[in-house]
Amino acid sequence: RENYLKRENPDWLLKSWWNQGLWNLANPKLRQHKVKILREIISNYNLSGIQLDFARHTPCLPPGAEWENREHATCFVQMIREMLAEMEQLKKRPLLLLARVAENPEGNHFDGLEVERWLAEGLIDILVPGGRAASVDIAGYRRLRGGDKVKISPCMDAVHTPEGYHRAPEEYLRGIFSNWILQGADSITCFNW
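A few points on the structure.

What counts and what doesn't
- Residues numbered from 1 in each chain as written.
- Predicted model: local features only at pLDDT ≥ 70, side-chain atom pairs only at ≥ 80, totals over all residues.
- Heavy atoms only, no water.
- Helix = DSSP H or I, 4+ residues; strand = E, 2+ residues; numbered from the N terminus.
- Buried < 20%, exposed > 50% of the residue type's maximum accessible area, 1.4 Å probe, protein only.
- Contact = heavy atoms within 4.5 Å.
- Areas by Shrake-Rupley, 256 points an atom, 1.4 Å probe, with all protein chains shown as cover.
- Lys, Arg positive; Asp, Glu negative; His and termini not counted.
- Charge placed at Lys NZ, Arg CZ, Asp CG, Glu CD.
- Expected span 1.5 Å × (residues − 1).
- Core = buried A, V, L, I, M, F, W, Y, C linked by side-chain atoms within 4.5 Å.
- Salt bridge = Lys/Arg side-chain N within 4 Å of Asp/Glu carboxyl O.
- Phe/Tyr/Trp six-rings, centres within 6.5 Å; stacked < 30°, edge-to-face > 60°.
- Pairing = 2+ DSSP bridges.
- Right-handed = clockwise from strand over helix to strand, strands pointing away.

## Notes on the overall build of the protein chain
Helices and strands together make up the secondary structure of the protein chain, namely six helices and eight strands. Scanning the protein chain from its N terminus toward the C terminus, one meets helices and strands in the order α-β-β-α-β-α-β-α-β-α-β-β-α-β. Along the first, second and third principal axes, the C-alpha set of the protein chain runs to 50 × 40 × 35 Å. A total of 193 residues make up the protein chain; the buried ones form 44% of that total. Within the protein chain, counting contacts between residues at least 6 apart in sequence, those at least 24 apart form 70% of the total. Surface accessibility of the protein chain: about 10,600 Å² in total, with carbon and sulfur atoms responsible for 52%. Put simply, the protein chain has 25 plus and 25 minus side-chain charges, and the middle of one group is 5 Å from the middle of the other.

Right, here's the structure in full:
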């Protein structure tokens, strides 16, 4: 089905592998709209927080110039953090901000994500690296300034995996999850289960 927002706001989009286009965080009006919608959701539902998924559908910045446009993704994360801080005052309880990102710190740069800065500025409460791979660089994230202050919850996606990992047996998954916990993961995130 065609997304009416995409039809009405073509300047909010990046031409991509997805026939309707993907959201372009370099557009300030799109960022404002997303914050407005997330504020409405937080206002109307008793949620613990919001997870921004930067790992499932990329790009979210102009292809080929993602790193050069990184400040737009960081601005979006800052806007969400500020909105959550305002909502915390109204709801009188904490609201968490999670970010699902690449398997390792360097991988984020290909998508224009300054995860190092997000951690250093205390913008994220829980980092959710990975999704399509069994190998996640937990120690690499911990070494980043601020990486010792966030919870790290590596992610395993049951659907969007390389074919060799699709429908993996329980024993394999137990091995991956045990490995992550032994490396210092605070929890495990499962996606598309």
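Don't stop here, the text continues.
## Considerations on helix H3 (residues 70-91)
An α-helical turn contains 3.6 residues, so any two residues separated by three or four positions project in the same direction. Across its 22 residues, H3 extends 32 Å between first and last C-alpha, which sits within 8% of the 32 Å expected from 1.5 Å per residue. Within the span of H3, buried status applies to His72, Ala73, Thr74, Phe76, Val77, Met79, Ile80, Arg81, Met83, Leu84 and Met87. For H3, the elements touching its buried residues are helix H2 (28-44), strand S3 (49-53), strand S4 (96-101) and helix H4 (115-120). Looking one or two places after H3, you find Lys92, whose phi comes out positive at around 60 degrees.

## Details of the nonpolar core
Counting residues in each nonpolar core, the largest one holds 45 residues, and the members touching the most others are Leu52, Phe54, Trp118, Ile124 and Leu127. Of all elements in the fold, only H2, S3, H3, S4, H4, helix H5 (138-143) and helix H6 (170-182) reach the threshold of two or more residues within this core. Among the elements that take part in this core, H3 stands out by supplying eight residues, more than any other.

## Some thoughts on the pattern of salt bridges
All told, the structure shown has twelve salt bridges when counted by the stated rule. Between Arg142 and Asp186 there is a salt bridge whose closest N-O contact spans 2.7 Å. With a gap of 44 residues between them, Arg142 in helix H5 and Asp186 in the loop between H6 and strand S8 (189-191) connect regions that are remote in the sequence. Among the charged side chains, a salt-bridge network with shared partners connects Arg70, Glu114, Arg117 and Glu121.

## Examining the packing of aromatic side chains
If you walk through the whole model with that rule in mind, you get four aromatic pairs. Ring geometry for Trp12 and Trp23: centres 6.2 Å apart, planes at 55 degrees, overall tilted. Pair noted here: Trp12 is in the loop between helix H1 (4-8) and strand S1 (13-14) and Trp23 is in strand S2 (residues 22-23), with a separation of eleven residues, a long-range link. Trp12 gets classed as buried once you look at its relative accessible area, which sits at 8%.

## Re the environment of Val115
Position of Val115 relative to the elements: it lies in helix H4. Separated by ten residues in the primary sequence, Val115 and Pro105 place their C-alpha atoms 7.1 Å from one another. If we ignore the near neighbours within four places in the chain, the residues touching Val115 are Val101, Asn108, Leu127 and Tyr141.

## Notes on the pairing of strand S5 (residues 126-131)
Of all the six residues making up S5, six are buried; the element is thus mostly covered by neighbouring parts of the structure. Looking at chain direction, S4 and S5 are connected through four bridges and run parallel. Paired with Val101 across the bridge in S5 is Pro129. Sheet topology note: the S5/strand S6 (residues 151-152) ladder contains two bridges and is parallel. Along S6, the bridge assignment pairs Leu127 with Ile152. On the question of chirality, the crossover connecting S5 to the parallel S6 by way of H5 is right-handed. With two bridges joining them, S5 and strand S7 (residues 155-157) adopt parallel strand pairing.

Taken by themselves, the reported measurements are silent on function.
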